[in-house]
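# Close look at the chain arrangement
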Amino acid sequence: ELPEESFDAIYTRDVLVHVFNKEKLFEKICSWLKPGGRLLISDYCIGEGKLSENAKAYITQRRYHMITLCNYKELLEQAGFSDVIVKDCTTEFVEELHSELKKMESIKEVYVRKYSQKDYKDITTGWENTIERCHLGEQRWGIFLAEKS
């Protein structure tokens, strides 16, 4: 527990995908912010359409609780936030994943020696699968900015 109205700003990056009761968390965060305080979130989300069995399996295996960009906005507003801005940054996310894949390829030999071929394959395959889910519209990467009234 934290004292109410303790913070001017709260920031979280790509971790709320693990929180199943986002409603309760957003209410707490709102209470912790001073009036006019701001919240910035980046997180993995799902697309608006039906998910493939592969996407469902990924979410289950990771124990993620992914919601749509619109659901995020609704939950933030219900928790008492105003001026909620939602930005779909999936294109930038995919570009970064491609960049990371290139970096991994450039250090593959060193990485495999230090860790293993399996570790290398797990990381790169995971990123490739994420890129594919993004291209299919099943996964999004959202940025959310909100203010406490």
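Attention in this report is confined to the structure presented alongside it. Model, not experiment: these values are computed from the prediction. (Residues numbered from 1 in each chain as written. Predicted model: local features only at pLDDT ≥ 70, side-chain atom pairs only at ≥ 80, totals over all residues. Heavy atoms only, no water.)

Attention shifts here to the environment of Ser-99. Topologically, Ser-99 is positioned in helix H4 (residues 90-106). Linking Ser-99 and Asp-83, residues 16 residues apart in sequence, is a C-alpha distance of 33 Å. (Helix = DSSP H or I, 4+ residues; strand = E, 2+ residues; numbered from the N terminus.)

A few words now on helix H3 (residues 69-78). Among all positions in H3, only Leu-69, Tyr-72, Leu-75 and Leu-76 are buried. For H3, the buried positions fall inside an angular range of 125° around the axis, keeping them on one side. Gly-80 lies just past H3 and shows a positive phi near 110°. (Buried < 20%, exposed > 50% of the residue type's maximum accessible area, 1.4 Å probe, protein only. Arc of directions from axis to C-beta.)

For any two aromatic rings, the description comes down to two numbers: the centre-to-centre distance and the angle of the planes. Using the criterion set out here, one finds eight aromatic pairs in the structure. Centre to centre, the rings of Tyr-44 and Tyr-64 are 6.3 Å apart; their planes meet at 50°, and the pair counts as tilted. Here Tyr-44, found in strand E2 (residues 33-46), pairs with Tyr-64, found in the loop between helix H2 (53-62) and H3; they are 20 residues apart in sequence, far enough to count as distant. Exposure class is identical for Tyr-44 and Tyr-64. Each is buried. Ring geometry for Tyr-58 against Tyr-64: centres 5.6 Å apart, planes inclined by 80°, an arrangement best described as edge-to-face. The pair Tyr-58 / Tyr-64 is uniform in exposure class, with both members buried. Among the aromatic side chains, those forming a connected cluster through ring pairs are Tyr-44, Tyr-58, Tyr-64, Phe-93 and Trp-141. Above the face of the Tyr-58 ring, Arg-133 is positioned so that its terminal group lies 3.4 Å from the ring centre. (Phe/Tyr/Trp six-rings, centres within 6.5 Å; stacked < 30°, edge-to-face > 60°. Lys NZ or Arg CZ within 6 Å of the ring centre and 35° of its normal.)

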